Amino acid sequence: MHDRPHAEDTILEVWHGNAAPWTDAVRERRIESRRLVTDRAIVDAVLSRRPRSAIDLGCGEGWLARALAEHGVDVLGVDAVPALIDAARAQGGGRFEAMSYAQIAAGELHVKADVAICNFSLLGKESTEAVLAAVPRLLEPGGALLVQTLHPVVACGELPYRDGWREGSWAGCGEGFGQAAPWYFRTLGGWVDTFLACGLRVARIEEPLHPHSGRPASIIFALEAATS
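Here we summarise the structure given alongside this text.

Strand 5 (residues 139-149) sits mainly inside the fold: eight of its eleven residues count as buried. You can see the chain leave strand 4 (residues 113-119), run along helix 7 (residues 126-134) and come back into strand 5, and the turn it takes is right-handed. The pairing of strand 5 with strand 9 (residues 219-225) spans five bridges and is antiparallel. Note that in strand 9 the partner of Leu 146 across the bridge is Ala 222.

Laid out in structure tokens, this is it:
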């Protein structure tokens, strides 16, 4: 169990320290669920909205920005880890900027897009709430936020089904990783409550299935700005 300030700080510290092995894991397509299901699922979910522009929040080494750019989408990728942004820029295929969720929450990201995306990039508690609350002002009229994350029912495992901090793991990502980051588990209701508190309403839920287990590999929330 983690206390909140320590856990939030640890998430960033861990990602700063593991940028290189993470870049290798993504580019070598080591993570089975991403390779078989979830990469395609988020690309399809974004393209289904026919966006001209997108903001990839927590873009990592930029694979999603590159994939969307191949379909003619103008993509800005943002991440708090400069080493990941450097890797993304070196590969090309989009525009990339190093910026933390705290900076975005403070209004330092001066762009709007048809779609914003958080693809497995909402790991903390307060940091997640802060960036989600900033999303409505980043969206063009009629725009949407697409959040792909671990499916709560599957990710809960044998632990009690309630919101709270969990220990992280690099299992399935290959070699070269150090300490794993903690992450904040939310139930399905916990996610919906968080979205509503941040001015977002759920327009659609998708549950991509793993082809081998038949169980949800992830959950994708399509969210729109809530009207008063």
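Still more ground to cover, so stick around.
We now examine the packing of aromatic side chains. With the rule as written, the count across this model stands at ten aromatic pairs. Ring geometry for Trp 183 and Phe 185: centres 6.0 Å apart, planes at 75°, overall edge-to-face. The interplanar angle of 45° and the centroid separation of 6.2 Å between the aromatic rings of Trp 191 and Phe 221 together place this pair among those described as tilted. One end of the pair, Trp 191, is in helix 9 (residues 188-197); the other, Phe 221, is in strand 9, with 30 residues separating them in the sequence. Taken as a pair, Trp 191 and Phe 221 share a single burial class, namely buried. Through a chain of ring-to-ring contacts, the aromatic side chains of Trp 15, Trp 22, Trp 170 and Phe 177 assemble into a single cluster. The residue whose ring lies beneath Lys 125 is Tyr 184, and the NZ or CZ to ring-centre distance is 5.9 Å. Lying across the ring of Trp 191, Arg 186 places its NZ or CZ 5.0 Å from the centre.

What follows is about the pattern of salt bridges. Counted according to the given criterion, the structure contains 13 salt bridges. Measuring nitrogen to oxygen at the nearest pair gives 3.6 Å for the salt bridge that ties Asp 114 to Arg 52. Placement of Asp 114 in strand 4 and of Arg 52 in the loop between helix 3 (32-47) and strand 1 (53-57) is noted, with a sequence separation of 62 residues between them. Arg 52 sits in the exposed class, given a relative accessible area of 66%. One connected set of salt bridges, linked through shared partners, spans Lys 125, Glu 126, Glu 129 and Arg 186.

What follows is about the environment of Val 153. Its place among the elements puts Val 153 in helix 8 (residues 152-155). With relative accessibility at 53%, the residue Val 153 sits in the exposed group. For the pair Val 153 and Thr 187, spaced 34 residues apart in sequence, the C-alpha to C-alpha distance is 7.5 Å.

Another point: the sheet that holds strand 9. Taken in spatial order, the seven strands make up an open sheet running 3-2-1-4-5-9-8, and their pairing is mixed. Strand pairing shows two members of the sheet lacking a second neighbour, strand 3 (95-98) and strand 8 (200-206), which therefore form its edges. Each neighbouring strand pair of the sheet contributes to a mean axis angle of 20°, computed without reference to strand direction. Helix 3 rests against strand 4, strand 5, strand 8 and strand 9 of the sheet, and its axis sits at about 170° to strand 5.

This paragraph deals with the environment of Ala 105. On the secondary structure map, Ala 105 appears in helix 6 (residues 101-105). For Ala 105 and Val 131, which are 26 residues apart along the polypeptide, the C-alpha to C-alpha distance reads 5.3 Å. Not counting residues up to four positions away in its chain, the partners in contact with Ala 105 are Ala 130, Ala 134 and Arg 137.

Residue Arg 29 is not a glycine yet carries a positive backbone phi of 55°. Relative to the helices and strands, Arg 29 is located in the loop between helix 2 (19-27) and helix 3. Look at Phe 120: it is not a glycine, yet its phi comes out positive at around 55°. Along the chain, Phe 120 falls in the loop between strand 4 and helix 7.

Rules behind the numbers
- Residues numbered from 1 in each chain as written.
- Predicted model: local features only at pLDDT ≥ 70, side-chain atom pairs only at ≥ 80, totals over all residues.
- Heavy atoms only, no water.
- Buried < 20%, exposed > 50% of the residue type's maximum accessible area, 1.4 Å probe, protein only.
- Helix = DSSP H or I, 4+ residues; strand = E, 2+ residues; numbered from the N terminus.
- Right-handed = clockwise from strand over helix to strand, strands pointing away.
- Pairing = 2+ DSSP bridges.
- Phe/Tyr/Trp six-rings, centres within 6.5 Å; stacked < 30°, edge-to-face > 60°.
- Lys NZ or Arg CZ within 6 Å of the ring centre and 35° of its normal.
- Salt bridge = Lys/Arg side-chain N within 4 Å of Asp/Glu carboxyl O.
- Axes fitted to C-alpha atoms, helices over the stretch in contact; angles between N-to-C directions.
- Contact = heavy atoms within 4.5 Å.

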